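One-letter residues, chain by chain:
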2 protein chains.
Amino acid sequence: MKSQRDRSDLTPFFEPASVAVYGSLKEGLGLGYGVIRNMLQFGYSGKIYPVSPSYSGEVLGFRVYSAVNDVAEPIDAAIVITPPPTVPGIIEQCARKGVKAAVIVSENFAEAGAEGAKFQQQLVDIVRRTGIRIIGPNTVGLFNAANGFITNPYLIVQKKIRQGGIAYCSQSGYVGTAAQPLEDRAIPVSKMCDIGNKCDVDEADLLNYLADDPETKVVAMHIENAKDGRRFMDAARRVVARKPLLVLRPGRSEEAARAVASHTASLAGNEQVYDSAIKQVGAIRLDTWLEYWEVPRIFAYQPLPEGNRIAILTLTGGVAVVGVDVAVSAGLDLARFSPATAEKLKRIYPRLSSNPVDLGPILSVSDNPFAVEEEVIALALNDANVDCAAISVYAGFDDIVAPIVEMFDHLKGRITKPIAIWIYGMKLSAMDEMSRQLEMRGLPTYFYLETAVKALGIAAQYSKIKLSQGA
Amino acid sequence: MKSQRDRSDLTPFFEPASVAVYGSLKEGLGLGYGVIRNMLQFGYSGKIYPVSPSYSGEVLGFRVYSAVNDVAEPIDAAIVITPPPTVPGIIEQCARKGVKAAVIVSENFAEAGAEGAKFQQQLVDIVRRTGIRIIGPNTVGLFNAANGFITNPYLIVQKKIRQGGIAYCSQSGYVGTAAQPLEDRAIPVSKMCDIGNKCDVDEADLLNYLADDPETKVVAMHIENAKDGRRFMDAARRVVARKPLLVLRPGRSEEAARAVASHTASLAGNEQVYDSAIKQVGAIRLDTWLEYWEVPRIFAYQPLPEGNRIAILTLTGGVAVVGVDVAVSAGLDLARFSPATAEKLKRIYPRLSSNPVDLGPILSVSDNPFAVEEEVIALALNDANVDCAAISVYAGFDDIVAPIVEMFDHLKGRITKPIAIWIYGMKLSAMDEMSRQLEMRGLPTYFYLETAVKALGIAAQYSKIKLSQGA
């Protein structure tokens, strides 16, 4: 019998050297066909064995086998997208073949009623008996940006997803490679995983695995209910000791808790219990999907702030004040510049000396606004009284992207503290391009000042947790 | 002496038949040149008189006058973008010529220190003495989408801004035609106005004008401090009696109040006083710039909900639960379908009968998913227990835009209650195009479910205010 820790080793799921695929191999629309197409699209280079009793020949260049047992080589993983009544038999055969990990994408198991629950129970029994591990059923499964392994069978028009530090996990099919403009936004992903009905692999397994995963710098987890509260908390603690854990756990309201119960056929659990468990382990609770998708990037490539004092630099004074309100409610203090910094800023322009800094007046009269902006940002961030900064840049039109990106290239060598960049402008093309270029340079970008400030607030919150843990 | 009401008639500002322009006429970079170029770009068809003592000939096809008095015809408005010491003299000459309205874009007045304050005081004196009205100084001024009149002198790469129902007003240069992707997002604008230092025209004048403006269906106002609390409240009441007034008033935190004081050289005013004043007049307070830009669209083209019961229809169950939390905290109740509706939904698919509705399972097996989606949305919205709905659509890739837009075209004739649409997907091109097409059809779209739900919550809040006022 394997130990709990061994059971959390999900390596065969994320890094299989070979995979069997069960599902319709019909060209174009078949879901088995789709998942193979997607693996090829993302550059998965392991061995692929389509399995189908009713299909012969090749699919996308791979020989189709009528049974998994006909394959002579060992197989690490299986992806199963066939009707529920067929799934237990398939998993049984996979287990016998020595397959270690199966992702069951098919729907209509426990979430759909009594009959589906019966098939799901059969899966649980096979897991207990054979030791094969299962993710799902009722899931889009997983994606590994490092090797292009993907279990999503649906059409994916993204060509490449940027490899980076964020692990996105969820109990929902919303979290997957097809539901966010990951490529267009250059979002840096390590792993994605929807654990679906979690008949076997659950949030605790996933957290234990991600705690150890060197590619993952931050874990964003959407969870509605934990299968085992104590295991979940232990695993969450392991994560927090090494990297930030951000938890989106809906159900603050009774209405939401009822909705969870209805769509997952399981109890949502007590809101207060979850809230205090999340706090107790040192994880950070998120409230919205916006925060779930947007906030982790600050952890993916920025250092942690050493304190909670923020500088806010914008191009119009009025905008920044809303940022101050958000900063305060996110636990940040508005930094007070040291007299030396204030003096230097004043020498650049008389009205630059206080925080929030309104760069508008000086930039509108300067001959070299980008050099001035760089200097002011560097002065502010290098003040000992400042721990982090939210910086606004104007992506008004396409031609302004290059000089601003260049300004940040110069600036990068001059600063060591975390920043978040708010981009605004009048052309989506310019805003999107500036965002992509800065993200590729490890600078997190946001389209609202408030999100930039909130991200820094959450970074400071995690930093404080680490300090209190004596790390 | 004019009455207060007459003084709030800002028609000469927004609908001048003729305008004098003061500012550098240097081709390309001159700000006087820039504002004329922008007026032409947006199709302003009134008469334009560039005025410059140091320039002769023509600019962009308009004869340049050395003084405003040389113009034989009457002139309604002036745009002034010259150094502060020159401005009082220019305004004096304009007043003598009979110009009714002057927008002073130039900076470095009271906001910049004692010398600027002196010039600003001279402007106030001229207003008192002559009756000319001034917007500014220190402002990007105004824009009227109906006639293309614009006072912004900076480069604007948007070609056309969609005419519609939203008036955006502010004390900040952030609120203008160059700071938001208004064209790319098809945001429906009636008027925009930055009142800047408000040496004369203030928020109360603007609100009185917008209350009467038939083009404006909803007013979004960013305000840091009111010049006259009672006048502001009276004007706000006049707006609320006719159309919703959404107020973004930062300064909840002391830090923010200090920041206001510092950048406007005026007091922010007491937070509690403002908060209760906003509530008392029946306006709605916003917290973020995101809400300021995103929420008004629901008022611009959707009917008011008659109650606060929301239906949430998504494509994955897990996503909706976060929406339920947001709904509850925005004052909405989750609608319970009537037995008749539940029965009809159940006949379409067994698991469709409860709210939030998870459309995923039925759409993934349906031969005609768009027809099913249309039917389910229509059934939900036509239930007497439902007042509004947040609906999610998947803009995964470009080819899916057309059939979904078509589905909404069919749907429009079948529903009368307000909806907000959450768009998600993996290609920005598809998401942006779907958004534009639906917005052009009067359907407000959002890229996060939470924003869609929040917008409906605010609509329901205003609806309740109207009911309590017996309107």
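Treat the numbers as computed from the prediction; the structure is a model and nothing was measured. (Residues numbered from 1 in each chain as written. Chains lettered and ligands numbered in written order. Predicted model: local features only at pLDDT ≥ 70, side-chain atom pairs only at ≥ 80, totals over all residues. Heavy atoms only, no water.)

1. Remarks on the sheet that holds strand β9 (residues 149–150) of chain A
Residue and element names in this part refer to chain A.
- As summarised here, the arrangement of the seven strands in space is β9-β8-β11-β10-β12-β13-β14, forming an open sheet in which the pairing is mixed. Single-partner strands in this sheet number two, and they are β9 and β14 (284–286).
- Here strand β12 (residues 218–222) runs beside strand β13 (residues 245–248); their pairing, made up of four bridges, is parallel. Within β13, the residue paired with H222 across the bridge is L248. (Pairing = 2+ DSSP bridges. Helix = DSSP H or I, 4+ residues; strand = E, 2+ residues; numbered from the N terminus.)

2. Thoughts on the interface of chain A and chain B
- Contacts between the two partners involve 72 residues from chain A, matched on the other side by 72 residues from chain B.
- Buried area between chain A and chain B, both sides added, is near 5,500 Å², and the carbon and sulfur share of it is 60%.
- Seen at the junction of chain A and chain B, the total is four salt bridges.
- Note that D184 of chain B and K427 of chain A form a salt bridge whose closest N and O atoms lie 3.2 Å from each other.
- Where chain A packs against chain B, one counts 30 residue pairs in polar contact (both at pLDDT 80 or more). (Contact = heavy atoms within 4.5 Å. Buried area = accessible area lost by both parts, 1.4 Å probe. Salt bridge = Lys/Arg side-chain N within 4 Å of Asp/Glu carboxyl O. Polar contact = N/O pair within 3.5 Å; in protein donor to acceptor, adjacent residues only side chain to side chain.)

3. Brief notes about the relation of the copies chain A and chain B
- Under the fitted operation, chain A is carried onto chain B by 0.0 Å of movement along the axis and a turn of 180°, and the coordinates agree to an RMSD of 0.0 Å. Viewed as a symmetry operation, the transformation between the two copies matches a two-fold axis.
- Of all interface residues in chain A, 100% are interface residues in chain B too; the two copies therefore contact each other through one and the same surface. (Least-squares fit on C-alpha atoms with pLDDT ≥ 70 in both.)

4. Structural notes on the sheet that holds strand β1 (residues 18–23) of chain B
Residue and element names in this part refer to chain B.
- Strand order across the open sheet formed by five strands is β2-β1-β5-β6-β7, with parallel pairing between neighbours. Where the open sheet ends on each side, the last strands, each with one partner, are β2 (47–51) and β7 (133–135). Pairwise comparison of adjacent strand axes, ignoring direction, gives a mean angle of 20° for this sheet.
- Note that strand β5 (residues 77–81) and strand β6 (residues 101–104) share four bridges and pair parallel. From the neighbouring strand, V80 faces β6, where its bridge partner is I104. (Axes fitted to C-alpha atoms, helices over the stretch in contact; angles between N-to-C directions.)

5. Quick notes on helix α9 (residues 271–280) of chain A
Residues and elements named next belong to chain A.
- If you check which residues of α9 are buried, you get E271, Y274, D275, A277 and I278. Mapping the buried residues of α9 onto a view down its axis gives an arc of 165°, with all of them on the same face. Summarising the geometry of α9, the exposed residues directed more than 90 degrees from the buried face are Q272, V273, K279 and Q280.
- The N-cap of α9, judged by a side-chain oxygen 2.8 Å from the amide nitrogen of Q272 a few residues on, is N270.
- Within two residues after α9, G282 carries a phi angle of roughly 85°, on the positive side. (Buried < 20%, exposed > 50% of the residue type's maximum accessible area, 1.4 Å probe, protein only. Arc of directions from axis to C-beta.)

6. Structural notes on the pattern of salt bridges
- Here the structure, examined in full by the defined rule, presents 60 salt bridges over all chains.
- D234 of chain A serves as the salt-bridge partner of R237 of chain A, at 3.6 Å between the closest nitrogen and oxygen. On the criterion of helical spacing, the pair formed by R237 of chain A and D234 of chain A is a turn pair, its members being three residues apart in helix α7 (residues 229–242).
- For R237 of chain A, a relative accessible area of 37% translates into the label partly exposed.
- A salt bridge links R185 of chain B to D432 of chain B, with the nearest nitrogen and oxygen atoms 3.0 Å apart. Taken together, the residues span a long stretch of sequence, with R185 of chain B in the loop between β10 (163–170) and β11 (189–194) and D432 of chain B in helix α17 (residues 428–440) at a distance of 247 residues.
- By relative accessible area, which is 9% here, D432 of chain B ends up buried.

7. Regarding the packing of helix α6 (residues 203–212) of chain A against α7 of chain A
Residue and element names in this part refer to chain A.
- With their axes 8 Å apart at the nearest point, α6 and α7 run at an angle of 20° to one another. As summarised for this structure, α6 and α7 are arranged roughly parallel, according to the angle between their axes. By crossing handedness, the relation of α6 to α7 is classed as left-handed. Residues E203, A204, D205, L207, N208, A211 and D212 of α6 form the contact with α7, whose own contacting residues are R231, F232, A235, A236, R238, V239 and R242.
- Broken down by class, the residue content of the contact of α6 with α7 amounts to seven nonpolar, one polar and six charged. (Parallel < 35°, antiparallel > 145°, perpendicular 65-115°, else oblique. Left-handed = near helix turned anticlockwise from the far one by under 90°. Nonpolar A, V, L, I, M, F, W, Y, C, P; charged D, E, K, R; others polar.)

8. Observations concerning the packing of aromatic side chains
- Using the criterion set out here, one finds 30 aromatic pairs over all chains in the structure.
- Considering the side-chain rings of Y168 of chain A and W293 of chain A, the 4.6 Å spacing of their centres and the 45° angle between planes classify their relative orientation as tilted. One end of the pair, Y168 of chain A, is in strand β10 (residues 163–170); the other, W293 of chain A, is in helix α10 (residues 289–294), and 125 residues separate them in sequence. Here Y168 of chain A matches W293 of chain A in class, with each residue buried.
- Both rings, one in Y174 of chain A and one in Y424 of chain B, keep their centres 5.4 Å apart while their planes meet at 85°; by these two values the pair is edge-to-face. Remark: Y424 of chain B occurs in strand β19 (residues 419–424) and Y174 of chain A occurs in the loop between β10 and β11 (189–194); the pair is interchain, linking two chains.
- What makes Y424 of chain B buried here is its relative accessible area of 7%.
- Taken together, Y168, Y174, W289, Y292 and W293 of chain A together with Y394, W422 and Y424 of chain B form an aromatic cluster joined through their ring pairs.
- Across the ring face of Y274 of chain A, the terminal group of R249 of chain A is positioned such that the distance to the ring centre comes to 3.9 Å. (Phe/Tyr/Trp six-rings, centres within 6.5 Å; stacked < 30°, edge-to-face > 60°. Lys NZ or Arg CZ within 6 Å of the ring centre and 35° of its normal.)

9. Brief notes about the pairing of strand β18 (residues 388–394) of chain A
Residues and elements named next belong to chain A.
- The buried fraction of β18 is high, at seven of seven residues.
- Burial along β18 is two-sided: C388, A390, S392 and Y394 facing one way and A389, I391 and V393 facing the other are all buried.
- Looking at chain direction, β18 and strand β19 (residues 419–424) are connected through six bridges and run parallel. Its bridge partner being in β19, A389 is matched across the sheet by I419.
- Between the parallel pair β18 and β19, the chain is carried across by helix α16 (residues 401–412), and the sense of this crossover is right-handed. (Right-handed = clockwise from strand over helix to strand, strands pointing away.)

10. Observations regarding the environment of A236 of chain B
All names here are of chain B.
- By the element assignment, A236 lies in helix α7 (residues 229–242).
- Residues A236 and E15, 221 residues apart in the sequence, show an inter-C-alpha distance of 23 Å.
- In this structure, A236 is in contact with L207, L245 and V281, ignoring residues within four places of it in sequence.

11. Things to note about the pairing of strand β2 (residues 47–51) of chain A
Residues and elements named next belong to chain A.
- For β2, the buried fraction is high: four of the five residues fall into the buried class.
- When strand β1 (residues 18–23) meets β2, the two strands line up parallel, connected through five bridges. Within β2, the residue paired with A20 across the bridge is Y49.
- Read as a crossover between parallel neighbours, the route from β1 over helix α3 (residues 31–41) to β2 is right-handed.

12. A short note on the confidence of the model for chain A
All names here are of chain A.
- Confidence in the prediction of chain A, expressed as mean pLDDT, is 93, and 96% of residues score 70 or more.
- This model gives residues 1–5 a pLDDT under 50, and the stretch forms three contacts once residues within four places in sequence are excluded.
- The ipTM assigned to the predicted complex is 0.95, against a pTM of 0.95. (pLDDT = per-residue confidence, 0-100.)

13. Regarding the side chain of N355 of chain B
Residue and element names in this part refer to chain B.
- With respect to the helices, strands and loops of the structure, N355 is situated in the loop between α13 (339–348) and β17 (357–358).
- Note on N355: relative accessible area 10%, which makes it buried.
- A distance of 2.9 Å separates a polar atom in the side chain of N355 from the backbone oxygen of I310.
- In this structure the side chain of N355 is engaged in a polar contact, spanning 3.0 Å, whose partner is the backbone nitrogen of I312.

14. Thoughts on α3 of chain A
All names here are of chain A.
- Of all eleven residues making up α3, eight are buried, and the element is well covered by its neighbours.
- The set of residues buried in α3 consists of G32, Y33, G34, V35, I36, R37, N38 and M39.
- Packing partners of the buried residues in α3 comprise β1, β2, β3 (58–59), β4 (62–63), β5 (77–81) and β9.
- Just past α3, the residue G43 takes up positive phi, approximately 85°.

15. Remarks on the nonpolar core
- Of all hydrophobic cores here, the largest spans 315 residues; its most connected members are M39 and F408 of chain A together with M39 and F408 of chain B.
- Those residues in contact with M39 of chain B that sit more than four places away from it in its chain are V19, V21, Y44, I48, I79, G148, F149 and I150 of chain B. (Core = buried A, V, L, I, M, F, W, Y, C linked by side-chain atoms within 4.5 Å.)

16. Side note on the environment of Q437 of chain A
Residue and element names in this part refer to chain A.
- Mapping Q437 onto the fold places it in helix α17 (residues 428–440).
- If we ignore the near neighbours within four places in the chain, the residues touching Q437 are V401 and V405.
- In terms of polar contacts, Q437 uses its side chain to reach the side chain of E433, at 2.8 Å.

17. Structural notes on the environment of V127 of chain B
Residue and element names in this part refer to chain B.
- Structurally, V127 is set in helix α5 (residues 114–130).
- We classify V127 as buried; its relative accessible area is 7%.
- As for V127 and Y174, which are separated by 47 residues in sequence, their C-alpha atoms are 27 Å apart.

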